[in-house]
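The chain contents come next:
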Amino acid sequence: MALARGLIIVAILGLAACGERERDISLRSFHNPGGGPEEFAILPNKALEAPPSYAELPAPTPGQGNRTDLTPEADAVAALGGNPAALDNRGVAASDAALVAHAGRRGINPDIRPVLTEEDEDFRRRKSRFTKIRLFRVDRYYPAYKRQALDGQKEKQRWQNAGAPTPTAPPAVQ
């Protein structure tokens, strides 16, 4: 009887240890049921439009864009009330050039994304070191990043105590 109990416990622990691969250091262990389509990868084309005059159409230029090509950056700028034609080759409007220059005055790291990805993977690896064995799917994201989260109400109070105006601060939720 004790041997059967021991085998059951070993089998349960063995199955629980098979949960994540070493390379997949996911804190949000969502279950992926299969290889269906990725709905966020599907972008609809712009609607076809008839030109005002077919005689005034420009000659086709192979390799160049056309009016129905997707322009997500310009569309986002227009949706937020900006002028997509005013963007430079970096995607910055001329009116914001001074702000961008000031923000990058001490230099920028062109490899910031890979560096942050590597640091975050290392952080998640350290946080998940002793949580590999699970009997149920759990979301470990919030407990892992708890010390890095801001409390909005405490931060608002800190700024108000410092004398900063906070006219659009949300009220405390009871």
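**Remarks on the overall build of the protein chain**
Right, on to step 1. Along the protein chain, the regular secondary structure elements total six helices and zero strands.
Right, on to step 2. The helix and strand sequence of the protein chain, counted from the amino end, reads α-α-α-α-α-α.
Right, on to step 3. Expressed as a percentage of the 174 residues in the protein chain, the buried residues total 10%.
Right, on to step 4. Within the protein chain, contacts between residues at least 6 apart in sequence are counted, and of these 50% link residues at least 24 apart.
Right, on to step 5. Looking at the protein chain as shown, the accessible area adds up to about 15500 Å², and 60% of this sits on carbon and sulfur atoms.

**Observations regarding the environment of Gln157**
Right, on to step 1. The residue Gln157 is located in helix 6 (residues 152–161) in this model.
Right, on to step 2. Residues Gln157 and Ala169, twelve residues apart in the sequence, show an inter-C-alpha distance of 9.8 Å.

**Focus: the packing of aromatic side chains**
Right, on to step 1. This structure, assessed with the given rule, holds one aromatic pair.
Right, on to step 2. Look at Phe123 and Tyr145: their rings are 5.1 Å apart centre to centre, the planes differ by 40 degrees, and that puts the pair in the tilted class. Here Phe123, found in helix 4 (residues 112–127), pairs with Tyr145, found in the loop between helix 5 (141–144) and helix 6; they are 22 residues apart in sequence, far enough to count as distant.
Right, on to step 3. The exposure class of Phe123 is buried, given its relative accessible area of 14%.

**Section: the pattern of salt bridges**
Right, on to step 1. A full pass over the atoms with the stated rule returns one salt bridge.
Right, on to step 2. Across the salt bridge formed by Arg158 and Glu155, the nearest N and O atoms sit 2.6 Å from each other. Separated by three residues within a single helix, Arg158 and Glu155 lie in helix 6, roughly one turn from each other.
Right, on to step 3. Its relative accessible area of 47% is what places Arg158 among the partly exposed residues.

About the thresholds
Residues numbered from 1 in each chain as written. Predicted model: local features only at pLDDT ≥ 70, side-chain atom pairs only at ≥ 80, totals over all residues. Heavy atoms only, no water. Helix = DSSP H or I, 4+ residues; strand = E, 2+ residues; numbered from the N terminus. Buried < 20%, exposed > 50% of the residue type's maximum accessible area, 1.4 Å probe, protein only. Contact = heavy atoms within 4.5 Å. Areas by Shrake-Rupley, 256 points an atom, 1.4 Å probe, with all protein chains shown as cover. Phe/Tyr/Trp six-rings, centres within 6.5 Å; stacked < 30°, edge-to-face > 60°. Salt bridge = Lys/Arg side-chain N within 4 Å of Asp/Glu carboxyl O.

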